[in-house]
Amino acid sequence: MAVRWGDDIIVIDAGLMFPEAELLGVDIVVPDISYLIENRRYVRAIVLTHGHEDHIGALPWMLSELNVPVWGTEFTLAYVEDKLDEHELLDQTDLREIRPGESFKIGAFTIHPIQVTHSLVDCVALAIHTPLGVLLHTGDFKVDPTPTDNRLFDLHAFAEYGKEGVLALLQDSTNVERKGFTPSERAVRRKFEEVFARTERRLFISCFSSSIHRIKLAVELAWEHGRNVVFVGRSMVSSAEIAEDLGYMEIPQGLLLSPGEMRNTPPEKLCVLISGTQGEPMSALSRAAVDSHKHARIEKGDTVVLSSRIIPGNEKAIYRMVDHLFRRQAHVIYEDGSFPPVHVSGHASQEELKLILNLVKPKYFIPIHGEYRQLALHAELAAAMRGAVGNVLLIESGDILEFDELGARKAGRVNAGRVCIDSGSRTDVVEDLVIKDRRHLSEDGIVLPIIAINKLSGRVETSPEIVTRGFEPGEDGFAEGARQLVMQTLEVSSEEEKADYGVIKEKIRADLKRYISRQTQKRPLIMPVILEI
Ligand SMILES: [Zn+2]
Ligand SMILES: [Zn+2]
């Protein structure tokens, strides 16, 4: 979202999306920022509400187009630094720390960050003072009366703004379909206590690496129950480090073990925090679930907790992983609607949304952050609160909303949409999926490794076939080398991995991609095909 007054533009958040499975070969999806590029001389800053990927993930891509200062809270900037460092953009980026309650000025705007609660820590809403009045942007939030870090939702600030008058409220719509209140992060504590008390062997807990509240809770309970903690997975390790550095979590001396030390630690003394709640094929937990992780193994009687939401679209991959865990006779605990919950949402439910609306009493209400149906339902919910809300405006990405002394109205559209990017390079933009596929096919061609697997035995029946089209390997030995590589990948994979086509295809694709780019510097589309016989 961009806010413009005359020659000053500020951008709020810069997130990415992970592609659906249909976006074959594309790694991440970022917003089309052609409007900002056309107006680059007016863009003053990017202001971040919090550090989730859907709010900061597009920064490397945006900053390589627009080198403007980035404002965010301490914790948010720590995530941003990690990300920019990875993309070698850190040195050239101007990062500016903000603190809840301390206003700052950018061009014509004065911005007042307000502390809110969410599934991540150090999150803010933004009150943006403009010459026409205050815009209140909630960011992502829930109203958690008992956050684990005791940094409370600043309801008072919202109420104060309500008294002074707010031109427009822009509010998170994610959970508008849920009645009541979202439970506090503390509700998970009861479930975790139960699990720690009951677990006899090793305890694996998987959550998003950004779930600092959850990681902190697990670390505290591990300490209380005499278990050592091991972090497994790159994102988990770096996130825990940041949380500890910034004082969000204390890890007592001697509590932490390295993954290599797991082997020699008694099972009843271990608590493993492991990444991969969504069944991502290459994640630590997915690999542990099929015995292909170097250190983490799941054995009979171990307990595995999936402390996160099952994101729609990931059900298949998650349940496939859960099946592998069951097959190892592990106890698996995942969100099944029972109480106390093993996971709570970070977004406000209906009663919290109404609470904020009632406190703020905006002249204009604009639902943001959600699918169209959620925006529409949120608009309906607000429209029904006649005493609290003036006008409700339903807009979509790309719409221009214009305010002046007479009021607000939709005033045309700008280019907006998605841009697909291959990771590993921030410049390899894929203008459009079709174009990407065409370009891929025309320039680099396609490679189809075809593998025949016996469905019953899981055995590979014949030597893999490598079919290429529009791809010039350049060397005679290519096909043979590729075939051997696929055989090798299959050999080092377990029977279960071979029976799990999602996993085995991804392993083959990743290995071949590396091999081909090393051999030919080309990046053909690689589509493993598995024939069941
Ligand atoms: Zn968020
Ligand atoms: Zn979000």
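Residues numbered from 1 in each chain as written. Chains lettered and ligands numbered in written order. Predicted model: local features only at pLDDT ≥ 70, side-chain atom pairs only at ≥ 80, totals over all residues. Heavy atoms only, no water.

Notes on the overall build of the chain
Then, number 1: The helix and strand tally for the chain stands at 16 helices and 27 strands.
Then, number 2: By the compact-globule yardstick of 24 Å for 533 residues, the chain fits well, its C-alpha radius of gyration being 25 Å.
Then, number 3: For the chain, the spread of C-alpha atoms along the principal axes amounts to about 75 × 60 × 45 Å.
Then, number 4: Out of the 533 residues in the chain, the part that is buried amounts to 53%. (Helix = DSSP H or I, 4+ residues; strand = E, 2+ residues; numbered from the N terminus. Rg over C-alpha atoms; globule rule 2.2 N^0.38 Å. Buried < 20%, exposed > 50% of the residue type's maximum accessible area, 1.4 Å probe, protein only.)

Looking at the pattern of salt bridges
Then, number 1: Counted according to the given criterion, the structure contains 34 salt bridges.
Then, number 2: Here Glu-97 ties to Arg-99 by a salt bridge, and the two come within 4.0 Å at their closest N and O atoms.
Then, number 3: Under the relative-accessibility criterion, Glu-97 is labelled partly exposed at 41%.
Then, number 4: The partly exposed category is assigned to Arg-99, whose relative accessible area is 45%. (Salt bridge = Lys/Arg side-chain N within 4 Å of Asp/Glu carboxyl O.)

What to know about the sheet that holds strand E10 (residues 133–137)
Then, number 1: Here seven strands make up an open sheet; going across it, the order is E7-E8-E9-E10-E11-E18-E19 and the pairing mixed. At either end of the open sheet lies a strand with only one pairing partner, and these are strand E7 (104–106) and strand E19 (391–392). (Pairing = 2+ DSSP bridges.)

Topic: the packing of helix H11 (residues 350–360) against helix H12 (residues 372–383)
Then, number 1: At their nearest, the axes of H11 and H12 sit 11 Å apart, and the two run at 55° to each other. When the axis of H11 is compared with that of H12, the two are oblique. When you trace H11 past H12, the crossing you get is right-handed. Facing Gln-350, Leu-353, Lys-354 and Leu-357 of H11, the residues of H12 in contact are His-378, Leu-381 and Ala-382. (Axes fitted to C-alpha atoms, helices over the stretch in contact; angles between N-to-C directions. Parallel < 35°, antiparallel > 145°, perpendicular 65-115°, else oblique. Left-handed = near helix turned anticlockwise from the far one by under 90°. Contact = heavy atoms within 4.5 Å.)

Things to note about the coordination of the zinc ion (ligand 2)
Put simply, a metal with four donors set out as a tetrahedron has ideal angles of 109.5 degrees, and one with six donors set out as an octahedron has ideal angles of 90 or 180 degrees.
Then, number 1: Here the zinc ion (ligand 2) is held by Asp-54 (OD), His-55 (NE2), Asp-140 (OD) and His-369 (NE2), and the distances to it run 2.0 to 2.2 Å.
Then, number 2: For the zinc ion (ligand 2), the four donor atoms in the first shell make angles of 89 to 160° at the metal, a pattern classed as irregular.
Then, number 3: Going along the chain, you hit the donors of the zinc ion (ligand 2) in the pattern D-H-x84-D-x228-H.
Then, number 4: Here the zinc ion (ligand 1) and the zinc ion (ligand 2) are spaced 3.5 Å from one another, each receiving a donor from Asp-140. Here Asp-54 is found in helix H2 (residues 53–56), whereas its partner Asp-140 is found in the loop between E10 and helix H5 (155–164), with 86 residues between them in sequence.
Then, number 5: On the basis of relative accessibility, which here comes to 34%, the residue Asp-54 falls in the partly exposed class. (Donors = N, O, S within 2.8 Å, 3.2 Å for Na, K, Ca; no water. Tetrahedral: all angles 85-135°; square planar, octahedral: opposite > 155°, others 65-115°.)

Concerning the packing of H5 against H11
Then, number 1: It is the contact of H5 with H11, at a shortest axis distance of 7 Å, that shows an interaxial angle of 45°. Relative to H11, the element H5 lies oblique. Only Leu-355, Ile-356, Leu-359 and Val-360 of H11 make contact with H5, whose side of the interface consists of Leu-155, Phe-158, Ala-159 and Gly-162.
Then, number 2: Broken down by class, the residue content of the contact of H5 with H11 amounts to seven nonpolar, one polar and no charged. (Nonpolar A, V, L, I, M, F, W, Y, C, P; charged D, E, K, R; others polar.)

Focus on the nonpolar core
A general tendency of soluble globular proteins is for nonpolar side chains to be buried together.
Then, number 1: If you look at the biggest cluster of nonpolar residues, it comprises 89 residues, and the most contacted ones within it are Ile-46 and Phe-231.
Then, number 2: Here this core takes seven residues from helix H7 (residues 212–224), the largest share from any one element.
Then, number 3: Not counting residues up to four positions away in its chain, the partners in contact with Ile-46 are Val-11, Asp-13, Ala-14, Leu-59, Met-62, Leu-63, Val-68, Pro-69, Val-70 and Trp-71.
Then, number 4: Ile-10, Ile-12, Leu-167 and Ile-395 belong to the second-largest nonpolar core, a separate cluster that totals 25 residues. (Core = buried A, V, L, I, M, F, W, Y, C linked by side-chain atoms within 4.5 Å.)

Some points on the coordination of the zinc ion (ligand 1)
Then, number 1: Around the zinc ion (ligand 1), the donor atoms from the protein are His-50 (NE2), His-52 (ND1), His-118 (NE2) and Asp-140 (OD), and they sit 2.1 to 2.4 Å away.
Then, number 2: For the zinc ion (ligand 1), the four donor atoms in the first shell make angles of 89 to 163° at the metal, so the coordination geometry reads as irregular.
Then, number 3: Read from N- to C-terminus, the donor residues coordinating the zinc ion (ligand 1) fall into the pattern H-x1-H-x65-H-x21-D.
Then, number 4: When its relative accessible area of 14% is taken as the criterion, His-52 is described as buried.

Digging into the environment of Ala-240
Then, number 1: Looking at the secondary structure, you find Ala-240 in helix H8 (residues 234–245).
Then, number 2: Those residues within four positions of Ala-240 in sequence are excluded, and the remaining contacts are Phe-231 and Met-249.

Focus: the packing of aromatic side chains
Then, number 1: Inspection of every chain in the model, using the stated rule, returns eight aromatic pairs.
Then, number 2: Where Tyr-364 meets Phe-403, the ring centres are 5.8 Å apart and the plane angle is 80°; that geometry is what we call edge-to-face. Residue Tyr-364 is located in strand E18 (residues 364–368), and its partner Phe-403 is located in strand E20 (residues 399–404); the two are separated by 39 residues in the primary sequence.
Then, number 3: Look at Phe-403 and you get partly exposed, because its relative accessible area is 22%.
Then, number 4: Put simply, the rings of Phe-75, Tyr-79 and Tyr-248 touch in pairs and so form one group of aromatic residues. (Phe/Tyr/Trp six-rings, centres within 6.5 Å; stacked < 30°, edge-to-face > 60°.)

Remarks on the environment of Ile-205
Then, number 1: Of note, Ile-205 is situated in strand E12 (residues 203–206).
Then, number 2: Under the relative-accessibility criterion, Ile-205 is labelled buried at 2%.
Then, number 3: In sequence terms Ile-205 and Ala-218 are 13 residues apart; their C-alpha atoms lie 7.9 Å from each other.
Then, number 4: Those residues in contact with Ile-205 that sit more than four places away from it in its chain are Phe-192, Phe-196, Ala-218, Cys-271, Val-272, Leu-273, Ile-274 and Val-305.

What about the pairing of strand E2 (residues 8–12)?
Then, number 1: Of all the five residues making up E2, five are buried; the element is thus mostly covered by neighbouring parts of the structure.
Then, number 2: Both faces of E2 are covered, namely the face carrying Asp-8, Ile-10 and Ile-12 and the face carrying Ile-9 and Val-11.
Then, number 3: Sheet topology note: the strand E1 (residues 2–5)/E2 ladder contains four bridges and is antiparallel. Its bridge partner being in E2, Ala-2 is matched across the sheet by Val-11.
Then, number 4: Hairpin geometry of E1 and E2 is characterised by an intervening segment of two residues between the two adjacent antiparallel strands and by a positive phi of about 55° at Gly-6.

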